[in-house]
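Inside the fold
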Amino acid sequence: MQLLPQVVFALVVGLVGWMMVRRIRSIQQTIQLGRAEDLSDQPGLRWRTMLRIAFGQQRMFDRPLVGILHLLVYAGFLLINIEVLEIVLDGLLGTHRLFAPVLGGFYPFLIDFFEVLALGVLVACVLFLIRRDVRLVPRLQARQHRELKGWPVRDANIILITEIVLMVAILSMNATDSLLQERGQAHYPLVGDFIISQFLKPVFAGFSTGALLFIERVAWWFHILGIFAFAVYVTYSKHLHIFLAFPNTYFTRFQPQGTMDAMPSVTREVKLMLGTETDTGTPPEAGRFGAKDVMDLSWKNLMDAYSCTECGRCTAACPANLTGKKLSPRKIMMDTRDRLEDLGKNLQANGGKLKDDGKSLLGDYIQTEELRACTTCQACVQACPILINPLDIILQLRRYQAMEESNAPAAWNAMFQNVENNQAPWKFSPGDRFNWAEQL
């Protein structure tokens, strides 16, 4: 019977590992539905960008208070989970505080550091809940942004409440552990009080030793099972950005702000028309002009969608959204991810083969009115904390409408015709282009 907890724990670890691998493969498979794009150049610059933006969270500190709170949660997630290694080994080996004899006097200091971080995470998450649910931040309110209604709000609250409960569990576990040490329980090595949990000891001091053992074990199991559940849940949540922020910033595009990619086949035709290039043989494959569905987007666009934090900084910066138009850059990313999720289920249901479901990103998820409102000002791109580019998706969907469906406003069509005939948006001969300067 003494081995039963270890066997149960090993089975839980195996189940969690299987669930995470299965989910990660599904995400990878859907991202690979996108077009190929080579983003392997300048590895040194890419590493520096990732360390500065994802690891260093540079853009979060545009708003210092929020940046500090987010750093607390982020550091807590990274560093407290070092303790999880000890807990996992204890669970598998049947030991308790396995690292205490190895680390000696450094061990209490390490646990004290983790407890300070745990308190910081707890306080930060409480403040984030208040910011969201007491309606202090307009960009986080579902009544003002339709894309947040329902699941997105619940998802954010589930994560924050879970983190609060997990931090309470680890502090309760340490407080009861300290009391059991004082009472001479053989399984609990004497390492002394811890810096934060010592203040919880009076809460549990009146309990019997048996009750303390029960509470400590429940807190231990709750904490580690909660972390396992959190790890699996995150892969279905907007908090997937915890992991994807790193590759997403590494594979960013190093283009000047405002650069719009041209299609090689179209560029060639324009150069032939202008006489700046001669016909040298077979033209490149044109393919589809623009994008109708996620398969027409780059894999980087799709990684952007999975990396989106739904923070709404892009939407809060969007002038079209601020003037009451339906465009929300955050919604563009969330709709793209929703389409990917539906296709992921499609792949799983059909043995890894994609079956036509009669839907597409354009029309079924993102509407024309949203795309038309974009002014291509780049405010959304500049605002994103992890270098996501909603504008690129908007432009590709709009390009498909204009070039494949001939679906553009009359004013746009007039401009396109003038560019084609006169090489300028204005309706006059190129030879008259500098007439305005004759009187200077």
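Check the entry above for the structure.
Residues numbered from 1 in each chain as written. Predicted model: local features only at pLDDT ≥ 70, side-chain atom pairs only at ≥ 80, totals over all residues. Heavy atoms only, no water.

On to the overall build of the protein chain, then. What the protein chain contains, in helices and strands, is 19 helices and zero strands. Projected onto its principal axes, the C-alpha positions of the protein chain cover 95 × 50 × 40 Å. Of the contacts formed within the protein chain by residues at least 6 apart in sequence, a portion of 74% connects residues at least 24 apart. Within the structure as shown, the protein chain displays about 22700 Å² of accessible surface, and the carbon and sulfur contribution to it stands at 63%. Within the protein chain, one finds 44 positive and 41 negative side-chain charges whose respective centroids are separated by 4 Å. (Helix = DSSP H or I, 4+ residues; strand = E, 2+ residues; numbered from the N terminus. Contact = heavy atoms within 4.5 Å. Areas by Shrake-Rupley, 256 points an atom, 1.4 Å probe, with all protein chains shown as cover. Lys, Arg positive; Asp, Glu negative; His and termini not counted. Charge placed at Lys NZ, Arg CZ, Asp CG, Glu CD.)

Okay, a nonpolar patch on the surface next. Where nonpolar side chains cluster on the molecular surface, the patch consists of L119, V123, V126, L127, I130, V134 and L136 and spans about 540 Å² of accessible area. Note that V134 resides in the loop between α5 (106-133) and α6 (151-182). Overall, the relative accessible area of 52% leaves V134 in the exposed class. (Patch = residues over 30% accessible without salt bridge, like charges linked within 9 Å, V, L, I, M, F, W, Y side chains within 5 Å. Salt bridge = Lys/Arg side-chain N within 4 Å of Asp/Glu carboxyl O. Buried < 20%, exposed > 50% of the residue type's maximum accessible area, 1.4 Å probe, protein only.)

It is worth spelling out the environment of T323 at this point. In this structure, T323 sits in the loop between α13 (319-322) and α14 (329-349). Each C-alpha atom of the pair T323 and S298 lies 30 Å from the other, and the pair is 25 residues apart in sequence. Within the structure, T323 has its side chain in polar contact with the side chain of K325 (distance 3.5 Å). (Polar contact = N/O pair within 3.5 Å; in protein donor to acceptor, adjacent residues only side chain to side chain.)

This brings us to the nonpolar core. Note on soluble globular proteins: their nonpolar side chains tend to be buried together. Core analysis: the largest hydrophobic core is formed by 43 residues, its most contacted members being Y306, L327, L361, I366 and L397. At the level of elements, α1 (4-31), α2 (43-55), α9 (241-250), α11 (299-307), α14, α15 (361-364), α17 (379-383) and α18 (390-403) are the ones that each hand at least two residues to this core. Every residue in contact with Y306, bar those within four places of it in the chain, is listed here: R23, I27, T30, I31, L240, L244, R337, L340 and E341. (Core = buried A, V, L, I, M, F, W, Y, C linked by side-chain atoms within 4.5 Å.)

The backbone phi angle of R97 is positive, close to 55°, even though this residue is not glycine. Within the secondary structure, R97 sits in the loop between α3 (64-93) and α4 (100-103). According to the relative accessible area criterion, R97 is buried, its value standing at 4%. Even without being a glycine, E310 presents a positive backbone phi close to 60°.

This next bit is on the packing of aromatic side chains. Going through the model one piece at a time under the given rule, you end up with twelve aromatic pairs. Ring centres of F204 and F207 lie 6.2 Å apart, and the angle between their planes is 45°; on these two criteria the pair is classed as tilted. Between Y250 and F251, the aromatic rings sit 4.9 Å apart at their centres with planes inclined by 85°, giving edge-to-face as the arrangement. With relative accessibility at 16%, the residue Y250 sits in the buried group. Relative accessible area serves as the criterion here: at 24%, F251 is assigned to the partly exposed category. Above the ring of Y236, the side-chain terminus of R23 is found at 4.2 Å from the ring centroid. A cation sits over an aromatic face here: R372 above W412, 5.7 Å from the ring centre. (Phe/Tyr/Trp six-rings, centres within 6.5 Å; stacked < 30°, edge-to-face > 60°. Lys NZ or Arg CZ within 6 Å of the ring centre and 35° of its normal.)

With 14 residues, α18 should reach 20 Å at 1.5 Å per residue; the first-to-last C-alpha distance of 20 Å fits that figure. Most of α18 is tucked away, with ten of its 14 residues classed as buried. In the core, the buried residues of α18 are packed alongside α11, α14, α15, α16 (368-372), α17 and α19 (410-422). At the N-terminal end of α18, a side-chain oxygen is found 3.1 Å from the backbone nitrogen of L391, two or three residues along, and the residue is N389. (Expected span 1.5 Å × (residues − 1).)

The next point concerns the packing of α6 against helix α8 (residues 209-234). Two elements in contact, α6 and α8, have axes whose closest approach is 8 Å; the angle formed by their N-to-C orientations is 150°. The pairing of α6 with α8 is recorded here as roughly antiparallel in orientation. Two packed elements cross with a definite hand, and for α6 against α8 that hand is left-handed. Among the residues making up the contact of α6 with α8, the classes are represented as 20 nonpolar, five polar and four charged. (Axes fitted to C-alpha atoms, helices over the stretch in contact; angles between N-to-C directions. Parallel < 35°, antiparallel > 145°, perpendicular 65-115°, else oblique. Left-handed = near helix turned anticlockwise from the far one by under 90°. Nonpolar A, V, L, I, M, F, W, Y, C, P; charged D, E, K, R; others polar.)

Take the pattern of salt bridges next. Under the defined criterion, the tally for this structure stands at 17 salt bridges. For E37, the salt bridge identified is with R253, shortest N-O distance 2.7 Å. Remark: R253 occurs in the loop between α9 and α10 (264-274) and E37 occurs in the loop between α1 and α2; sequence separation between them is 216 residues. On the basis of relative accessibility, which here comes to 18%, the residue R253 falls in the buried class. One salt bridge in this structure joins E147 and R330, with 3.0 Å as the shortest N-O distance. Here R330 lies in helix α14 and E147 lies in the loop between α5 and α6, a separation of 183 residues in the sequence. The class of R330 is buried, set by a relative accessible area of 1%. One salt-bridge network, in which partners are shared between bridges, spans R146, K331, D335 and E370.

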